[in-house]
Amino acid sequence: MDQADALPIAELCEERRFLLDVTCWMLGSLAAAESAVDETYRRWYELSDAARRQIAVPRAWLARTAGGICLGRLALPGRRAAWHEEECRTRPTDVEEEAGRIVLNALESLSPAERAAFVLGAFGMAPGTVAGTVGRTEPEVAELIERARRWLRVQRSQPTTPQQHDAVAGAVFRACVTQDGELLASLLWPDVTAFFDGGGKVRALTGPVHGSRPVADSLLTLLARLPRTGLTTRSVNGRTGLVARYGHQVAAVVSLDVADEHVGQVWVTLNPDKLRSWNHPRLHTDGGPGSNRSRSL
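What you are looking at is a predicted structure, and each value in this text was computed from that prediction instead of being measured.

Asks: Help me understand the overall build of the protein in this model?
Replies: Scanning the protein from N- to C-terminus turns up 11 helices and seven strands. Residue burial in the protein is summarised as follows: out of 297 residues, 46% are buried. Across the protein, every contact between residues at least 6 apart in sequence was considered, and the portion connecting residues at least 24 apart equals 66%. Surface summary for the protein: the accessible area is close to 14,900 Å², and the carbon and sulfur share equals 54%.

Asks: Would you mind showing me how to read the packing of aromatic side chains here?
Replies: Two aromatic rings are characterised by how far apart their centres lie and by the angle between their planes. Inspection of every chain in the model, using the stated rule, returns two aromatic pairs. A centroid spacing of 4.4 Å and a plane angle of 20 degrees characterise the contact between Phe195 and Trp267, whose relative ring orientation is stacked. With Phe195 in strand β1 (residues 188-197) and Trp267 in strand β6 (residues 262-269), the pair connects residues that are 72 residues apart, well separated along the chain. Comparing Phe195 with Trp267 shows no difference in burial state: the two are buried. Its guanidinium or amino end placed over the ring of Phe18, Arg59 lies 4.1 Å from that ring's centre, counting from NZ or CZ. Between Arg228 and the ring centre of Tyr246, over which it is positioned, the NZ or CZ distance is 4.7 Å.

Asks: Mind showing me how you'd approach the nonpolar core here?
Replies: Ranked by internal contacts, the top residues of the largest apolar core, which has 37 residues, are Leu19, Met26, Ala117, Val130 and Val134. Setting aside residues up to four positions removed in sequence, Val134 forms contacts with Leu71, Ala113, Ala116, Ala117 and Leu144. Counting 32 residues, the second-largest nonpolar core is a separate cluster that includes Leu188, Val215, Leu223 and Leu231.

Asks: Sorry, what's going on with helix α6 (residues 112-122) here?
Replies: Count 3.6 residues to each turn of an α-helix, and residues three or four apart come out pointing the same way. The buried count for α6 comes to nine of 11 residues, which makes it a mostly enclosed element. Buried within α6 we find Pro112, Ala113, Glu114, Arg115, Ala116, Ala117, Phe118, Val119 and Leu120.

Asks: Looking at this structure, I do not really get the layout of surface pockets. What am I missing?
Replies: To find leftover empty space, one rolls a probe the size of a water molecule over the atoms. When its volume is computed, the second largest pocket comes out at roughly 390 Å³. As for the second largest pocket, its lining consists of 21 residues, of which Thr221, Leu222, Leu223, Ala252 and Leu270 are closest to the centre. Going through the elements one at a time, α11 (212-222), β3 (229-236), β4 (239-246) and β5 (249-259) are the ones with two or more residues in the lining of the second largest pocket. Among the elements that take part in the lining of the second largest pocket, α11 stands out by supplying four residues, more than any other. Counted by class, the lining of the second largest pocket contains 14 nonpolar, four polar and three charged residues.

Asks: Where do I start with the packing of helix α2 (residues 30-46) against helix α4 (residues 58-74) in this structure?
Replies: Helix packing geometry: the angle between the two helix axes and the distance between the axes. Where α2 meets α4, the closest approach of the two axes is 9 Å, and the angle between their N-to-C directions is 125 degrees. Comparing the axis directions of α2 and α4 gives the class oblique. In this structure, α2 meets α4 at a crossing whose hand is right-handed. From α2, Ala32, Ser35, Ala36, Glu39, Thr40, Tyr41, Arg43 and Trp44 reach across to α4, where they touch Pro58, Trp61, Leu62, Thr65, Ala66, Ile69, Cys70 and Arg73.

Asks: Honestly, the side chain of Asp197 in this entry has me stumped. Any pointers?
Replies: Assignment of secondary structure puts Asp197 in strand β1. Here Asp197 falls in the buried class, since its relative accessible area comes to 10%. Here the side chain of Asp197 touches Lys274 through a polar contact of 3.0 Å, side chain to side chain.

Asks: Mind showing me how you'd approach the pattern of salt bridges here?
Replies: Side-chain pairs of opposite charge can arise whenever the charged atoms involved come near each other. Scanning all chains against the criterion turns up 11 salt bridges. As a salt-bridge pair, Arg16 and Asp38 come within 3.0 Å of each other at their nearest N and O atoms. In this pair, Arg16 sits in helix α1 (residues 9-27) while Asp38 sits in helix α2, placing the two residues 22 residues apart along the sequence. One salt-bridge network, held together by shared partners, links Glu39, Arg42, Arg43 and Glu46.

Asks: Help me understand the confidence of the model for the protein, please; the structure alone is not making it clear to me.
Replies: Note that predicted coordinates carrying low pLDDT should not be read in detail. Across the protein, the average pLDDT comes to 78, with 77% of residues at 70 or higher. Least confident of the elements in the protein is strand β7 (residues 293-296), whose mean pLDDT is 46; most confident is helix α10 (residues 181-186), at 96.

Asks: How should the side chain of Asn271 be read in this particular structure?
Replies: Along the chain, Asn271 falls in the loop between β6 and β7. Excluding its chain neighbours within four sequence positions, the residues that come into contact with Asn271 are Asp197, Gly198, Gly199 and Lys201.

Asks: Looking at this structure, I do not really get the pairing of β3. What am I missing?
Replies: Across a regular strand the side chains alternate sides, sitting on one face of the sheet and then on the other. By the criterion of burial, β3 is predominantly enclosed, with seven of the eight residues buried. In the sheet, β3 pairs with β4 via eight bridges, with the strands oriented antiparallel. Across the sheet, Leu231 pairs through a bridge with Ala244, a residue of β4. Where β3 folds back onto β4 in an antiparallel hairpin, the turn is made up of two residues, including Asn237, whose phi is positive at roughly 55 degrees.

About the cut-offs
Residues numbered from 1 in each chain as written. Predicted model: local features only at pLDDT ≥ 70, side-chain atom pairs only at ≥ 80, totals over all residues. Heavy atoms only, no water. Helix = DSSP H or I, 4+ residues; strand = E, 2+ residues; numbered from the N terminus. Buried < 20%, exposed > 50% of the residue type's maximum accessible area, 1.4 Å probe, protein only. Contact = heavy atoms within 4.5 Å. Areas by Shrake-Rupley, 256 points an atom, 1.4 Å probe, with all protein chains shown as cover. Phe/Tyr/Trp six-rings, centres within 6.5 Å; stacked < 30°, edge-to-face > 60°. Lys NZ or Arg CZ within 6 Å of the ring centre and 35° of its normal. Core = buried A, V, L, I, M, F, W, Y, C linked by side-chain atoms within 4.5 Å. 1 Å grid on protein atoms, 1.4 Å probe; cavity = no way out; pocket = protein on both sides within 12 Å on 5 of 7 lines; lining within 4 Å. Points joined across faces, edges and corners; volume = space filled by probe spheres on them. Nonpolar A, V, L, I, M, F, W, Y, C, P; charged D, E, K, R; others polar. Axes fitted to C-alpha atoms, helices over the stretch in contact; angles between N-to-C directions. Parallel < 35°, antiparallel > 145°, perpendicular 65-115°, else oblique. Left-handed = near helix turned anticlockwise from the far one by under 90°. Polar contact = N/O pair within 3.5 Å; in protein donor to acceptor, adjacent residues only side chain to side chain. Salt bridge = Lys/Arg side-chain N within 4 Å of Asp/Glu carboxyl O. pLDDT = per-residue confidence, 0-100. Pairing = 2+ DSSP bridges.

What follows is the structure, given as structure tokens:
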């Protein structure tokens, strides 16, 4: 063993705890975090002794590597953080745990790059290191962090009730059905982001779309009035969303993240593999569970 690897037990434990905190906030699950940290240390020990000696601040190298691993996992097609009951809980009180849960749920609605930039920055990683991990310039990272902070502030200060969410989703549905771009844009936050998951199985947008008008235009293009197409509102991930059909097949599922009576994030699933459960025979009728209304486009 390289003597440079010899450290006090307290420092070893603190280092691993730090890495678990970073990865847990990024991935949302302790099990996923432990897997990422294990992979981080595996890469560390794959380095030669000489290579490890050249790393001036091993903890920074480990944090950067862990962040890259998390970012890679978050960027998998259609992958959203798996928020399990076993979440990252480092604070003892019920009130603080609930506050942490709110932040975790809000982080779920950020893009992988926004989440990585926000979490790595919050844990004290230098801007240049964050930029290298996320693959953006420092000004772009600063913009990502600010966008994430704004969204988190909105989520924490303006909780949305199910009734408010349903009202906004219903208005979005009407705007899409009538192809009313002005109305749809007015229902979106100015810095709204839309993500389109085609999984490489359909020709979908490969990057996120930012801004109320570009997002509105993208949605209206996707949901354009064409023969055999139809749109319904249904329960999607526990909240009202949109389901688009072509013939009898569900072709797209749209999930909406709402705050302060406007849509802040739009998630569009187009990957046929992920739509298989929606195309089960019992889901073909518009009158099934969670269905509010339907209309042909």
